[in-house]
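# An overview of the molecular structure
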Amino acid sequence: MRPAVSVARTVSVDVSVRPALGTSPFGMAGSVTVSGPDTGGCTAPLVDRSASCTLVFSAAGVKTLTATYSGDANYNPSSDTETHTVTTVQPPYRSLGCS
């Protein structure tokens, strides 16, 4: 199950890139861009087939994120999508004392 994400909270996005079956992953280079509605997106360099960047969502709802690998001289570009739910931030509960 994917964790819920709240509006206006910073979210770390971790992406891994795998080459086609039977292809050596050594030397993969390039970057990964993560984009989706209600966020500015983020781009990170690929390091050991992984990338990590941060997003901040500006509105609640079901969001489809797309991770796009730029490709390099040996590997073709590719992309994948994943759906996440963004919720509104609940204010902290405060007890008001009455006498």
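For clarity, every value in this text was computed on a predicted model and none was experimentally measured.

Within the protein, the regular secondary structure consists of zero helices and seven strands. Listing each helix as α and each strand as β along the protein from the N terminus yields β-β-β-β-β-β-β. The buried share among the 99 residues of the protein stands at 25%. Sequence separation of at least 24 residues holds for 54% of the intrachain contacts in the protein that already meet a minimum separation of 6. Put simply, the protein shows about 6,900 Å² of open surface, and 53% of that area lies on carbon and sulfur atoms.

A regular strand places its side chains so that they alternate between the two faces of the sheet. Along strand β2 (residues 10–16), the buried face is formed by Val-11, Val-13 and Val-15; none of Thr-10, Ser-12, Asp-14 and Ser-16, which line the opposite face, is buried. In this sheet, strand β5 (residues 50–56) lies alongside β2 in antiparallel orientation, the contact comprising seven bridges. Looking at the pairing, Thr-10 lines up with Val-56 of β5.

In this section: the state of the cysteines. The tally for this structure, following the rule as stated, stands at one disulfide. Covalent S-S linkage joins Cys-42 and Cys-53, the inter-sulfur distance amounting to 2.0 Å. Disulfide Cys-42-Cys-53: torsion about the S-S bond near 45°, hence right-handed. With a gap of eleven residues between them, Cys-42 in strand β4 (residues 42–45) and Cys-53 in strand β5 connect regions that are remote in the sequence. Each of the two residues, Cys-42 as well as Cys-53, counts as buried.

As a further point, take the pattern of salt bridges. This model, assessed by the stated rule, comprises one salt bridge. We note a salt bridge from Lys-63 to Asp-38, for which the minimum N-O separation is 2.3 Å. With Lys-63 in strand β6 (residues 61–69) and Asp-38 in the loop between β3 (31–35) and β4, this residue pair connects regions lying 25 residues apart in the sequence. Since its relative accessible area comes to 6%, Lys-63 is described here as buried. By relative accessible area, Asp-38 is classed as partly exposed at 33%.

With mixed pairing, the five strands of this open sheet are ordered in space as β1-β7-β6-β3-β4. Of all strands in the sheet, those with a lone pairing partner are β1 (5–6) and β4, marking the two edges. Note: β3 against β4, four bridges, orientation antiparallel. Of the residues in β4, the one forming a bridge with Val-34 is Cys-42.

Conventions used here
Residues numbered from 1 in each chain as written. Predicted model: local features only at pLDDT ≥ 70, side-chain atom pairs only at ≥ 80, totals over all residues. Heavy atoms only, no water. Helix = DSSP H or I, 4+ residues; strand = E, 2+ residues; numbered from the N terminus. Buried < 20%, exposed > 50% of the residue type's maximum accessible area, 1.4 Å probe, protein only. Contact = heavy atoms within 4.5 Å. Areas by Shrake-Rupley, 256 points an atom, 1.4 Å probe, with all protein chains shown as cover. Pairing = 2+ DSSP bridges. Disulfide = S-S within 2.5 Å. Salt bridge = Lys/Arg side-chain N within 4 Å of Asp/Glu carboxyl O.

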